[in-house]
Amino acid sequence: MSQAAISVSSLSKSFGGIRAIDDVSLSVAPGERRVLIGPNGAGKTTLFHCITGTLQATTGTVSMFGTDVTRLGEARRTELGMGRTFQISNVFTDLTVIDNVILALLGKDRRKWVAYRPVDAYPELREQAAESLEMVGLPHRANDSVARLSYGERRQLELALAMKTGPRVLFLDEPCAGLSPSERQHFARMIAALPRHLTLLMIEHDMDVALALADRVTVLHRGKVIIEGDPDTVQSDSEVREVYFGHA
Ligand SMILES: Nc1ncnc2c1ncn2[C@@H]1O[C@H](COP(=O)(O)OP(=O)(O)OP(=O)(O)O)[C@@H](O)[C@H]1O
Ligand SMILES: [Mg+2]
(Lines give C-alpha, C1' and ligand atoms only; values in the text may rest on other atoms or scores of the structure.)
(Ligands and ions follow the chains in the order given, each with its own letter.)
Protein backbone atom coordinates (compact mmCIF):
# COMPACT_ATOMS: atom_id res chain seq x y z
CA MET A 1 0.00 0.00 0.00
CA SER A 2 1.37 3.44 -0.83
CA GLN A 3 1.97 5.94 1.93
CA ALA A 4 -0.80 8.37 2.83
CA ALA A 5 -0.24 12.05 2.02
CA ILE A 6 -1.92 12.95 5.29
CA SER A 7 -2.64 10.55 8.10
CA VAL A 8 -4.45 11.62 11.25
CA SER A 9 -4.75 9.15 14.07
CA SER A 10 -7.02 9.39 17.14
CA LEU A 11 -6.74 13.17 17.19
CA SER A 12 -8.54 15.21 19.82
CA LYS A 13 -8.48 18.90 20.61
CA SER A 14 -10.09 20.47 23.64
CA PHE A 15 -10.61 24.14 24.42
CA GLY A 16 -11.16 24.22 28.15
CA GLY A 17 -14.15 21.96 28.62
CA ILE A 18 -15.11 21.86 24.94
CA ARG A 19 -13.95 18.88 22.95
CA ALA A 20 -13.84 20.47 19.49
CA ILE A 21 -12.22 17.42 17.90
CA ASP A 22 -13.06 14.07 19.37
CA ASP A 23 -10.94 11.08 18.38
CA VAL A 24 -10.70 11.73 14.65
CA SER A 25 -8.75 9.43 12.36
CA LEU A 26 -8.46 9.90 8.63
CA SER A 27 -6.15 9.10 5.80
CA VAL A 28 -5.83 11.06 2.57
CA ALA A 29 -4.08 9.42 -0.38
CA PRO A 30 -1.46 11.22 -2.49
CA GLY A 31 -3.20 13.25 -5.20
CA GLU A 32 -6.59 12.82 -3.58
CA ARG A 33 -9.08 15.67 -3.32
CA ARG A 34 -10.80 15.41 0.03
CA VAL A 35 -13.63 17.69 1.02
CA LEU A 36 -14.58 18.15 4.65
CA ILE A 37 -18.16 19.15 5.33
CA GLY A 38 -20.25 19.54 8.46
CA PRO A 39 -22.48 22.06 10.22
CA ASN A 40 -21.19 25.25 11.85
CA GLY A 41 -19.05 24.51 14.87
CA ALA A 42 -18.49 20.87 13.83
CA GLY A 43 -14.73 21.31 14.26
CA LYS A 44 -13.62 21.52 10.62
CA THR A 45 -11.34 24.55 10.97
CA THR A 46 -9.95 23.25 14.25
CA LEU A 47 -9.08 19.97 12.56
CA PHE A 48 -7.30 21.85 9.75
CA HIS A 49 -5.38 23.90 12.31
CA CYS A 50 -4.27 20.77 14.15
CA ILE A 51 -3.08 19.20 10.90
CA THR A 52 -1.20 22.29 9.68
CA GLY A 53 0.27 23.08 13.11
CA THR A 54 -1.54 26.35 13.79
CA LEU A 55 -2.86 24.53 16.86
CA GLN A 56 -1.29 21.66 18.76
CA ALA A 57 -3.58 18.67 19.14
CA THR A 58 -4.42 17.67 22.71
CA THR A 59 -3.86 14.00 21.85
CA GLY A 60 -3.29 11.98 18.70
CA THR A 61 -0.83 12.11 15.82
CA VAL A 62 -0.50 13.71 12.40
CA SER A 63 1.84 12.53 9.69
CA MET A 64 2.57 13.66 6.16
CA PHE A 65 3.98 11.21 3.61
CA GLY A 66 5.06 9.00 6.49
CA THR A 67 6.80 11.71 8.51
CA ASP A 68 5.37 12.27 11.98
CA VAL A 69 4.82 16.04 12.22
CA THR A 70 2.77 16.02 15.45
CA ARG A 71 5.42 17.85 17.46
CA LEU A 72 6.51 20.21 14.69
CA GLY A 73 5.47 23.85 14.51
CA GLU A 74 3.53 25.41 11.71
CA ALA A 75 6.58 26.89 9.93
CA ARG A 76 8.30 23.53 9.78
CA ARG A 77 5.17 21.83 8.47
CA THR A 78 4.98 24.50 5.75
CA GLU A 79 8.60 23.79 4.82
CA LEU A 80 7.78 20.10 4.58
CA GLY A 81 5.04 20.86 2.06
CA MET A 82 1.81 21.90 3.75
CA GLY A 83 0.38 24.89 1.90
CA ARG A 84 -2.64 27.05 2.57
CA THR A 85 -4.12 30.29 1.33
CA PHE A 86 -2.51 33.43 2.63
CA GLN A 87 -4.42 36.25 4.21
CA ILE A 88 -4.91 38.95 1.61
CA SER A 89 -3.35 41.39 4.11
CA ASN A 90 0.00 39.92 3.05
CA VAL A 91 -0.51 41.51 -0.34
CA PHE A 92 0.93 44.89 -1.33
CA THR A 93 -2.08 46.62 -2.80
CA ASP A 94 -0.08 49.40 -4.51
CA LEU A 95 2.05 46.93 -6.44
CA THR A 96 1.00 45.07 -9.54
CA VAL A 97 -0.40 41.60 -9.33
CA ILE A 98 2.69 40.03 -10.91
CA ASP A 99 5.13 41.93 -8.70
CA ASN A 100 3.30 40.58 -5.66
CA VAL A 101 3.82 37.04 -6.86
CA ILE A 102 7.48 37.76 -7.67
CA LEU A 103 8.00 39.16 -4.18
CA ALA A 104 6.36 36.08 -2.71
CA LEU A 105 8.70 33.89 -4.77
CA LEU A 106 11.67 35.97 -3.64
CA GLY A 107 10.53 35.42 -0.07
CA LYS A 108 11.54 31.77 -0.29
CA ASP A 109 14.71 32.57 -2.20
CA ARG A 110 17.95 33.15 -0.31
CA ARG A 111 19.01 35.86 -2.72
CA LYS A 112 16.67 38.31 -1.06
CA TRP A 113 19.12 38.44 1.84
CA VAL A 114 22.07 39.01 -0.44
CA ALA A 115 21.13 42.18 -2.24
CA TYR A 116 18.32 44.61 -2.77
CA ARG A 117 17.89 44.35 -6.48
CA PRO A 118 14.91 45.45 -8.51
CA VAL A 119 12.51 42.58 -9.15
CA ASP A 120 13.30 42.90 -12.86
CA ALA A 121 16.74 41.53 -12.08
CA TYR A 122 15.09 38.10 -11.87
CA PRO A 123 13.62 37.25 -15.28
CA GLU A 124 13.17 33.58 -14.36
CA LEU A 125 11.04 34.57 -11.38
CA ARG A 126 8.88 36.73 -13.62
CA GLU A 127 8.34 33.69 -15.79
CA GLN A 128 7.43 31.51 -12.80
CA ALA A 129 5.10 34.21 -11.51
CA ALA A 130 3.38 34.45 -14.90
CA GLU A 131 2.87 30.68 -14.82
CA SER A 132 1.16 30.80 -11.44
CA LEU A 133 -1.09 33.64 -12.59
CA GLU A 134 -1.97 31.52 -15.60
CA MET A 135 -2.85 28.66 -13.26
CA VAL A 136 -5.35 30.75 -11.31
CA GLY A 137 -6.82 32.49 -14.35
CA LEU A 138 -5.36 35.95 -13.74
CA PRO A 139 -2.83 36.45 -16.56
CA HIS A 140 -4.80 39.40 -17.96
CA ARG A 141 -4.49 41.18 -14.60
CA ALA A 142 -0.71 40.76 -14.25
CA ASN A 143 0.11 44.44 -14.72
CA ASP A 144 -2.82 45.93 -12.83
CA SER A 145 -2.37 47.08 -9.26
CA VAL A 146 -3.89 44.76 -6.66
CA ALA A 147 -6.06 47.63 -5.48
CA ARG A 148 -8.03 47.33 -8.72
CA LEU A 149 -8.89 43.66 -8.31
CA SER A 150 -12.37 42.52 -7.41
CA TYR A 151 -12.86 40.47 -4.23
CA GLY A 152 -13.05 37.28 -6.28
CA GLU A 153 -9.87 38.14 -8.16
CA ARG A 154 -8.07 38.74 -4.87
CA ARG A 155 -9.05 35.24 -3.82
CA GLN A 156 -7.52 33.97 -7.06
CA LEU A 157 -4.33 35.86 -6.22
CA GLU A 158 -4.32 34.33 -2.74
CA LEU A 159 -4.40 30.92 -4.35
CA ALA A 160 -1.48 31.84 -6.63
CA LEU A 161 0.48 32.93 -3.55
CA ALA A 162 -0.33 29.68 -1.76
CA MET A 163 0.88 27.70 -4.76
CA LYS A 164 4.20 29.56 -4.85
CA THR A 165 5.52 27.66 -1.84
CA GLY A 166 5.29 24.53 -3.99
CA PRO A 167 3.00 22.67 -1.57
CA ARG A 168 2.58 18.90 -1.72
CA VAL A 169 -0.65 19.17 0.23
CA LEU A 170 -2.86 22.23 -0.04
CA PHE A 171 -5.45 23.20 2.60
CA LEU A 172 -8.34 25.44 1.60
CA ASP A 173 -10.80 26.58 4.28
CA GLU A 174 -14.01 27.68 2.55
CA PRO A 175 -12.28 29.15 -0.51
CA CYS A 176 -15.60 30.15 -2.06
CA ALA A 177 -16.98 31.94 1.00
CA GLY A 178 -18.18 35.45 0.23
CA LEU A 179 -18.08 35.00 -3.53
CA SER A 180 -21.02 35.64 -5.82
CA PRO A 181 -22.60 32.59 -7.50
CA SER A 182 -20.73 33.22 -10.76
CA GLU A 183 -17.40 33.89 -9.00
CA ARG A 184 -18.03 30.73 -7.02
CA GLN A 185 -18.40 28.64 -10.16
CA HIS A 186 -15.33 30.24 -11.65
CA PHE A 187 -13.29 29.58 -8.51
CA ALA A 188 -14.46 25.98 -8.30
CA ARG A 189 -13.37 25.41 -11.91
CA MET A 190 -10.00 26.89 -11.07
CA ILE A 191 -9.55 24.57 -8.11
CA ALA A 192 -10.58 21.67 -10.31
CA ALA A 193 -7.82 22.66 -12.76
CA LEU A 194 -5.02 22.59 -10.16
CA PRO A 195 -2.30 20.00 -10.84
CA ARG A 196 -3.61 16.49 -10.22
CA HIS A 197 -0.53 15.41 -8.25
CA LEU A 198 -1.33 18.01 -5.61
CA THR A 199 -3.17 16.56 -2.61
CA LEU A 200 -6.06 18.83 -1.69
CA LEU A 201 -7.98 19.13 1.56
CA MET A 202 -10.84 21.52 1.40
CA ILE A 203 -13.59 22.69 3.72
CA GLU A 204 -16.65 23.73 1.76
CA HIS A 205 -20.20 24.59 2.78
CA ASP A 206 -21.58 24.72 -0.73
CA MET A 207 -22.67 21.13 -1.35
CA ASP A 208 -22.65 21.53 -5.13
CA VAL A 209 -19.06 22.75 -5.10
CA ALA A 210 -18.04 20.15 -2.53
CA LEU A 211 -19.56 17.21 -4.32
CA ALA A 212 -18.25 18.31 -7.73
CA LEU A 213 -14.65 18.66 -6.56
CA ALA A 214 -14.28 15.79 -4.12
CA ASP A 215 -12.84 12.37 -4.76
CA ARG A 216 -13.94 11.57 -1.24
CA VAL A 217 -15.95 13.43 1.37
CA THR A 218 -15.57 13.36 5.15
CA VAL A 219 -18.49 14.57 7.25
CA LEU A 220 -17.70 15.99 10.66
CA HIS A 221 -20.37 16.50 13.30
CA ARG A 222 -19.71 17.56 16.88
CA GLY A 223 -16.01 16.87 16.50
CA LYS A 224 -16.46 13.34 15.16
CA VAL A 225 -16.33 11.80 11.72
CA ILE A 226 -19.84 10.50 11.08
CA ILE A 227 -19.27 9.23 7.55
CA GLU A 228 -16.62 9.14 4.89
CA GLY A 229 -16.99 8.00 1.31
CA ASP A 230 -17.39 9.00 -2.30
CA PRO A 231 -19.69 11.97 -2.98
CA ASP A 232 -22.67 9.85 -4.06
CA THR A 233 -22.53 7.63 -1.00
CA VAL A 234 -22.25 10.60 1.34
CA GLN A 235 -25.03 12.53 -0.33
CA SER A 236 -27.47 9.65 -0.05
CA ASP A 237 -26.56 8.81 3.55
CA SER A 238 -29.49 9.25 5.91
CA GLU A 239 -27.41 10.53 8.84
CA VAL A 240 -25.92 13.25 6.62
CA ARG A 241 -29.38 14.24 5.44
CA GLU A 242 -30.50 14.36 9.03
CA VAL A 243 -27.61 16.61 10.05
CA TYR A 244 -27.98 18.92 7.07
CA PHE A 245 -31.66 19.00 6.38
CA GLY A 246 -33.18 17.80 9.63
CA HIS A 247 -34.80 14.79 7.95
CA ALA A 248 -33.67 11.56 6.35
N1 LIG B 1 -9.71 29.16 19.93
C2 LIG B 1 -10.83 28.61 20.41
N3 LIG B 1 -11.13 28.71 21.72
C4 LIG B 1 -12.25 28.13 22.23
N5 LIG B 1 -13.13 27.44 21.50
C6 LIG B 1 -12.89 27.32 20.19
C7 LIG B 1 -11.74 27.89 19.57
N8 LIG B 1 -11.76 27.60 18.24
C9 LIG B 1 -12.88 26.88 18.05
N10 LIG B 1 -13.56 26.70 19.21
C11 LIG B 1 -14.81 25.93 19.37
O12 LIG B 1 -14.59 24.65 18.80
C13 LIG B 1 -15.74 24.21 18.09
C14 LIG B 1 -15.38 23.93 16.63
O15 LIG B 1 -15.10 25.15 15.98
P16 LIG B 1 -14.57 25.22 14.48
O17 LIG B 1 -14.29 26.64 14.19
O18 LIG B 1 -13.48 24.26 14.29
O19 LIG B 1 -15.86 24.74 13.67
P20 LIG B 1 -16.13 24.75 12.08
O21 LIG B 1 -16.63 23.40 11.74
O22 LIG B 1 -14.94 25.25 11.36
O23 LIG B 1 -17.34 25.78 11.98
P24 LIG B 1 -17.74 26.82 10.81
O25 LIG B 1 -18.47 26.01 9.78
O26 LIG B 1 -18.63 27.79 11.48
O27 LIG B 1 -16.47 27.44 10.28
C28 LIG B 1 -16.79 25.29 18.28
O29 LIG B 1 -17.59 24.93 19.38
C30 LIG B 1 -15.98 26.52 18.60
O31 LIG B 1 -16.70 27.43 19.36
MG1 LIG C 1 -14.58 26.86 10.08
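Residues numbered from 1 in each chain as written. Chains lettered and ligands numbered in written order. Predicted model: local features only at pLDDT ≥ 70, side-chain atom pairs only at ≥ 80, totals over all residues. Heavy atoms only, no water.

As annotated in an unreviewed UniProt entry, the chain is ABC transporter ATP-binding protein from Zeimonas arvi.

Novice: Explain the domain arrangement of the chain here, please?
Specialist: One frequent convention defines the size of an interface as the accessible area lost when the parts assemble. Here the domain parsing of the chain yields domain 1 (1-81 + 167-248) and domain 2 (86-166). On a C-alpha basis, the centroid separation for the pair domain 1 and domain 2 is 27 Å. Each partner contributes to the interface: domain 1 provides 17 residues, whereas domain 2 provides 12 residues. Summed over both sides, the interface between domain 1 and domain 2 buries roughly 1200 Å², with carbon and sulfur atoms accounting for 71% of that surface. The largest per-residue losses of area from domain 1 upon contact with domain 2 belong to Pro-167, Phe-187 and Met-190, which jointly make up 40% of the total buried on that side. Taken together, the links from domain 1 to domain 2 amount to 4 residue pairs in polar contact (both at pLDDT 80 or more). Listing elements by their share of the side of domain 1 that touches domain 2, those giving two or more residues are β7 (169-173) and α7 (181-192). Among the elements that make up the side of domain 1 that touches domain 2, the one with the highest residue count is α7 (4 residues). Each residue belonging to the side of domain 1 that touches domain 2 can be placed in one class, and the counts come to 12 nonpolar, 2 polar and 3 charged. (Domains from an automatic or database assignment. Contact = heavy atoms within 4.5 Å. Buried area = accessible area lost by both parts, 1.4 Å probe. Polar contact = N/O pair within 3.5 Å; in protein donor to acceptor, adjacent residues only side chain to side chain. Helix = DSSP H or I, 4+ residues; strand = E, 2+ residues; numbered from the N terminus. Nonpolar A, V, L, I, M, F, W, Y, C, P; charged D, E, K, R; others polar.)

Novice: Help me understand the site of ligand 1, please; the structure alone is not making it clear to me.
Specialist: Taken together, the residues surrounding ligand 1 are Phe-15, Ala-20, Pro-39, Asn-40, Gly-41, Ala-42, Gly-43, Lys-44, Thr-45, Thr-46, Glu-174 and His-205. Between ligand 1 and the protein, one listed contact pairs an oxygen atom with a side-chain N or O atom of Lys-44 at 2.7 Å. Residue His-205 places a side-chain N or O atom 3.0 Å away from an oxygen atom belonging to ligand 1. When ligand 1 sits alone it has 640 Å² of accessible area, and the protein chains cover 59% of it. Taken together, the residues of the shell around ligand 1 break down into 4 nonpolar, 6 polar and 2 charged. (Near = heavy atom within 4 Å. Areas by Shrake-Rupley, 256 points an atom, 1.4 Å probe, with all protein chains shown as cover.)

Novice: Mind showing me how you'd approach the sheet that holds strand β4 (residues 59-64) here?
Specialist: Through backbone hydrogen bonds, the strands of a sheet pair up, either in parallel or in antiparallel fashion. Taken in spatial order, the 4 strands line up as β2-β1-β4-β5 in an open sheet, and their pairing is antiparallel. The sheet terminates laterally at β2 (18-28) and β5 (67-68), the two strands that pair on one side only. Across the sheet, helix α1 (residues 44-52) touches β1 (6-15), β2 and β4, and the angle it forms with β1 is around 120°. (Pairing = 2+ DSSP bridges. Axes fitted to C-alpha atoms, helices over the stretch in contact; angles between N-to-C directions.)

Novice: Can you help me understand the pattern of salt bridges in this one?
Specialist: If charged atoms from side chains of opposite charge come close, those side chains can pair. This model, assessed by the stated rule, comprises 14 salt bridges. The partner of Asp-144 in a salt bridge is Arg-141, and the shortest N-O contact between them spans 2.6 Å. In this pair, the class of Asp-144 matches that of Arg-141, namely buried. Among the salt bridges present, the one from Asp-206 reaches Arg-184, with a minimum N-O distance of 3.2 Å. On the criterion of sequence distance, the pair formed by Asp-206 in the loop between β8 (199-203) and α8 (207-213) and Arg-184 in helix α7 is long-range, its members being 22 residues apart. Take Asp-206: its relative accessible area is 19%, and that puts it in the buried class. Among the charged side chains, a network of salt bridges with common partners joins Glu-32, Arg-34, Arg-216 and Glu-228. (Salt bridge = Lys/Arg side-chain N within 4 Å of Asp/Glu carboxyl O. Buried < 20%, exposed > 50% of the residue type's maximum accessible area, 1.4 Å probe, protein only.)

Novice: Is there a simple way to explain the nonpolar core in this structure?
Specialist: Grouped burial of nonpolar side chains is what soluble globular proteins tend to show. Of all hydrophobic cores here, the largest spans 48 residues; its most connected members are Ile-37, Leu-133, Leu-157, Leu-159, Leu-170, Ile-191 and Leu-194. No other element matches the 7 residues that helix α3 (residues 97-107) contributes to this core. Each of domain 1 (1-81 + 167-248) and domain 2 (86-166) gives at least three residues to this core. When neighbours within four sequence positions are excluded, Leu-157 is seen to be in contact with Val-91, Val-97, Val-101, Leu-133, Leu-138, Val-146 and Leu-149. Ile-6, Leu-26, Leu-47 and Val-169 belong to the second-largest nonpolar core, a separate cluster that totals 25 residues. (Core = buried A, V, L, I, M, F, W, Y, C linked by side-chain atoms within 4.5 Å.)

Novice: For this particular structure, what's the right way to read a nonpolar patch on the surface?
Specialist: Taken together, the side chains of Phe-92, Leu-95 and Leu-103 define a hydrophobic patch exposed on the protein surface, amounting to about 240 Å² of accessible area. Looking at the element boundaries, Leu-95 is found in the loop between β6 (82-84) and α3. On the basis of relative accessible area, Leu-95 is assigned to the partly exposed category, the value being 32%. (Patch = residues over 30% accessible without salt bridge, like charges linked within 9 Å, V, L, I, M, F, W, Y side chains within 5 Å.)

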